[in-house]
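Tertiary structure, described
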Amino acid sequence: MPRSAAETARILSDLYDENFATDSYEPFRITWPQLRSLGAVPRLDDAYLKDLNTTLSESGHSLLPFDEFFLVVKERDLAHYRMVPDRFLEQYLPDDSKVCEDENSDDDDID
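Under the defined criterion, the tally for this structure stands at two salt bridges. The shortest N-O distance in the salt bridge between Arg-3 and Glu-7 comes to 3.6 Å. For Arg-3, a relative accessible area of 30% translates into the label partly exposed. Classification of Glu-7 by relative accessible area gives partly exposed; the value is 33%. For Arg-10, the salt bridge identified is with Asp-14, shortest N-O distance 3.1 Å. Highlighted residues: Arg-10 and Asp-14, both in helix H1 (residues 5-17), separated by four residues, approximately one helical turn. For Arg-10, a relative accessible area of 45% puts it in the partly exposed group. On the basis of relative accessible area, Asp-14 is assigned to the partly exposed category, the value being 38%.

This is the structure in structure tokens:
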């Protein structure tokens, strides 16, 4: 019997907290077949994945799909990656667009 997206999301959240591969409370990968088995569904369709991600987001988790696997993360896991400064984005904007410059923003430009 198929599991609901909410139940599968709860299991993925619990797995995030498990200690395996010498780490706990860390992002982890799960393959498409593993997730399909975990959810006991014949196919991981868009509606199921959307419901799964919506439920996961309630606990601060996200499910990121890739070609060979999914990554289960929390926002804080990705916070240390670099931000693109506005001055770099401006090079790629259409001529009639401008980036909004917030007076209070911290611009971490790379020199």
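Here H1 crosses helix H3 (residues 46-58) at 50°, and the two axes come no closer than 8 Å. Between H1 and H3, the angle is such that the two are oblique. For H1 against H3, the interelement crossing comes out right-handed. Note on element contacts: H3 touches H1 through Tyr-48, Asp-51, Leu-52, Thr-55 and Leu-56, opposite Ala-5, Ala-6, Thr-8, Ala-9, Leu-12 and Ser-13.

Mapped onto the elements, Lys-74 comes out in strand S3 (residues 69-74). Despite being buried, Lys-74 has no salt bridge partner; Asp-17 is the closest side chain of opposite charge, sitting 5.7 Å away. When neighbours within four sequence positions are excluded, Lys-74 is seen to be in contact with Tyr-16, Ser-59, Gly-60 and His-61.

The rules we used
Residues numbered from 1 in each chain as written. Predicted model: local features only at pLDDT ≥ 70, side-chain atom pairs only at ≥ 80, totals over all residues. Heavy atoms only, no water. Salt bridge = Lys/Arg side-chain N within 4 Å of Asp/Glu carboxyl O. Buried < 20%, exposed > 50% of the residue type's maximum accessible area, 1.4 Å probe, protein only. Helix = DSSP H or I, 4+ residues; strand = E, 2+ residues; numbered from the N terminus. Axes fitted to C-alpha atoms, helices over the stretch in contact; angles between N-to-C directions. Parallel < 35°, antiparallel > 145°, perpendicular 65-115°, else oblique. Left-handed = near helix turned anticlockwise from the far one by under 90°. Contact = heavy atoms within 4.5 Å. Lys, Arg positive; Asp, Glu negative; His and termini not counted.

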